[in-house]
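Inside the fold
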Amino acid sequence: MSTEEEENAAELKIPDEFLKAKCLMNCEVALILEHKYEQLQQMADDPMNQMSQVFEKSLQYVKRFSRYKNPDAVRQVREILSRYQLAEFELCVLGNLCPETVEEAIAMVPSIKTRGRAHDDEAIEKMLHDLSLIKKFE
């Protein structure tokens, strides 16, 4: 992206390093932090292995705002969203916020309807339906 172009996430006009960066949904971060928490609990006898307040607050945050709790559901959400060739940040926004309608999804991630991608309303509706099934059966 040239320096003359203005960044605009709604149109996916963002630097390449951000387009290629791996993003994690809150539910994925929660799984990672919970695993680390369990490891730290097992080593709790060692006073050098105290959990920081930042770690505890981060874990509380991602657990509170995670829409999916089951590790299998988390994996399925990423698999479903990955089928739609979304940018990583688009995938994470949709996975974190779980829009219920096509209009909500487009309002949250306007770029899913731009740049000539084949995300028509029917494809977005199917994606949202698949996500709702995971949530329903979790």
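Our subject is the structure that appears above.
Starting from 1, residues in each chain are numbered consecutively following that chain's sequence as written. Residues qualify for local features only when their pLDDT is at least 70, as the model is predicted, and side-chain atom pairs are given and counted only at 80 or more; totals for whole chains, interfaces and linings, by contrast, use all residues. Only hydrogens and water are removed before side-chain values are computed, so all heavy atoms of the structure are retained for them.

**Details of helix α3 (residues 53-65)**
Relative to the 18 Å expected for 13 residues at 1.5 Å per residue, α3 spans 18 Å between its end C-alpha atoms, a close match to the ideal helical length. Taken as a whole, α3 has its buried residues at F55, L59 and V62. Looking down the long axis of α3, one finds its buried residues gathered within 75° of arc, a one-sided arrangement. Looking at α3, the residues exposed on the side facing more than 90 degrees away from the buried face are Q53, V54 and R64. The contact criterion used throughout is that any non-hydrogen atoms of two residues lie within 4.5 Å. Numbering of helices and strands runs from the N terminus, with a helix taken as a DSSP run of H or I at least four residues long and a strand as a DSSP run of E at least two residues long. Contacts made by the buried residues of α3 are with α2 (26-42). Helices are assigned an expected span. That span is 1.5 Å times one less than the residue count. Working definition: with a 1.4 Å probe on protein chains only, accessible area under 20% of the residue-type maximum means buried, over 50% means exposed, and in between means partly exposed. Regarding the arc, it is the one traced by the directions from the helix axis to the C-beta atoms.

**Comments concerning the layout of surface pockets**
Rolled over the atoms, a probe with the dimensions of a water molecule shows which regions are left empty. Detection works on a 1 Å grid of protein atoms alone, calling trapped sets that fit a 1.4 Å probe cavities and calling open sets with protein on both sides within 12 Å along at least five of seven lines pockets, with lining residues defined by an atom within 4 Å of a point. Grid points are joined across faces, edges and corners, and a volume is the space filled by probe spheres set on the points. Reported here for the largest pocket is a volume of approximately 180 Å³. Every residue lining the largest pocket is listed: R67, Y68, C98, P99, E100, L128, H129, L131, S132 and K135.

**Digging into the packing of α2 against α3**
Any two packed helices are characterised by the angle at which their axes cross and by the distance between the axes. Note on geometry: axes are C-alpha line fits, over the in-contact stretch for helices, and angles between N-to-C directions span 0 to 180 degrees. At a minimum axis distance of 9 Å, the contact between α2 and α3 shows a crossing angle of 140°. Taken as axis vectors, α2 and α3 run oblique relative to one another. In the crossing of α2 with α3, the sense of the turn from one axis to the other is left-handed. Residues N26, V29, A30, L33, E34, K36, Y37 and L40 of α2 pack against F55, S58, L59, Y61, V62, K63 and F65 of α3. Should an angle fall under 35 degrees it is called roughly parallel, over 145 degrees roughly antiparallel, and 65 to 115 degrees roughly perpendicular, with every other angle called oblique. By the definition used in this description, the sense in which the near helix is turned from the far one sets the handedness, with an anticlockwise turn below a right angle giving left-handed and a clockwise turn giving right-handed.

**So, the nonpolar core**
Ranked by size, the top nonpolar core spans 24 residues in total, and within it Y68, V77, L81, L86, L94, I124 and M127 carry the most contacts. Mapped onto this core, the elements with two or more residues apiece are α4 (71-82), α5 (88-97), α6 (102-108) and α7 (121-137). Examining the composition of this core, we find that six residues originate from one element, α7, more than from any other. For our purposes a nonpolar core is just a set of buried Ala, Val, Leu, Ile, Met, Phe, Trp, Tyr and Cys residues, chained together by side-chain atoms within 4.5 Å. Ranked by size, the runner-up nonpolar core spans six residues in total, among them A30, L33, L40 and V62.

**Section: a negative patch on the surface**
Candidates for patches are residues over 30% relative accessible area with no salt bridge; among them, like charges are joined within 9 Å and nonpolar side chains (Val, Leu, Ile, Met, Phe, Trp, Tyr) within 5 Å. The Shrake-Rupley method, run with a 1.4 Å probe sphere, supplies the accessible areas, and residue values consider only the shown protein chains as cover. In the sections that follow, a salt bridge refers to a side-chain nitrogen of Lys or Arg positioned within 4 Å of a carboxyl oxygen of Asp or Glu. Positive charges come from Lys and Arg alone, negative charges from Asp and Glu alone, with His and the N- and C-terminal ends not counted. Lysine's charge is taken at NZ, arginine's at CZ, aspartate's at CG and glutamate's at CD. A contiguous patch of negative charge, built from E6, E7, D16 and E17, is present on the exposed surface. Among the structural elements, E7 can be located in the segment before α1 (16-20).

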